[in-house]
Amino acid sequence: MSLEHIRMDIARVDDDIIRLLARRMELAELVLEEKKRLGLPINDDRQNALVLKRAMEKATELNIDTAAVREIFSILIRMSIDRQHEMSGEGNL
């Protein structure tokens, strides 16, 4: 496989990642609707810890740098919280 072909594959994976990030943000909006309905706060430290734990386990299973995965998932959690605050009228993007 040529370098150019590999780079094209990477670009396709990057596109997929962006689409998945957009889907994750859509789901964060649905989570907010349920939290509002249930009278729950936006931030849920227990759920955040569960997401990180699940990501770390998967990273370990796939032999991926767990510190990097933790950082990425911390950013994803923060993005979701920020989106929920924005949708609640409590923040701005």
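For the structure, check the block above.
Quick caveat, the model's predicted, so the values are computed rather than measured.

Reading the values: rules and limits
- Residues numbered from 1 in each chain as written.
- Predicted model: local features only at pLDDT ≥ 70, side-chain atom pairs only at ≥ 80, totals over all residues.
- Heavy atoms only, no water.
- Helix = DSSP H or I, 4+ residues; strand = E, 2+ residues; numbered from the N terminus.
- Salt bridge = Lys/Arg side-chain N within 4 Å of Asp/Glu carboxyl O.
- Buried < 20%, exposed > 50% of the residue type's maximum accessible area, 1.4 Å probe, protein only.

Below, the discussion takes up the environment of leucine 27. Locating leucine 27 in the fold gives a position in helix 1 (residues 3–38). Residues leucine 27 and isoleucine 81, spaced 54 residues apart in sequence, show a C-alpha to C-alpha distance of 12 Å.

Our focus in this paragraph is the pattern of salt bridges. Within the structure shown, the criterion is met by seven salt bridges. Where arginine 83 meets glutamate 29, a salt bridge forms, and the shortest distance between an N and an O atom there is 3.0 Å. Of this pair, arginine 83 sits in helix 3 (residues 66–87) while glutamate 29 is found in helix 1, placing the two residues 54 residues apart along the sequence. Ionic pairing is found between arginine 37 and glutamate 34, a salt bridge with its closest N-O pair at 2.9 Å. One end of the pair, arginine 37, and the other, glutamate 34, are both in helix 1, three residues apart, so they sit about a helical turn from each other. Judged by its relative accessible area of 59%, arginine 37 falls in the exposed class. For glutamate 34, a relative accessible area of 37% gives the class partly exposed. Salt bridges linked by common partners bring Glu29, Arg83 and Glu86 together as one network.

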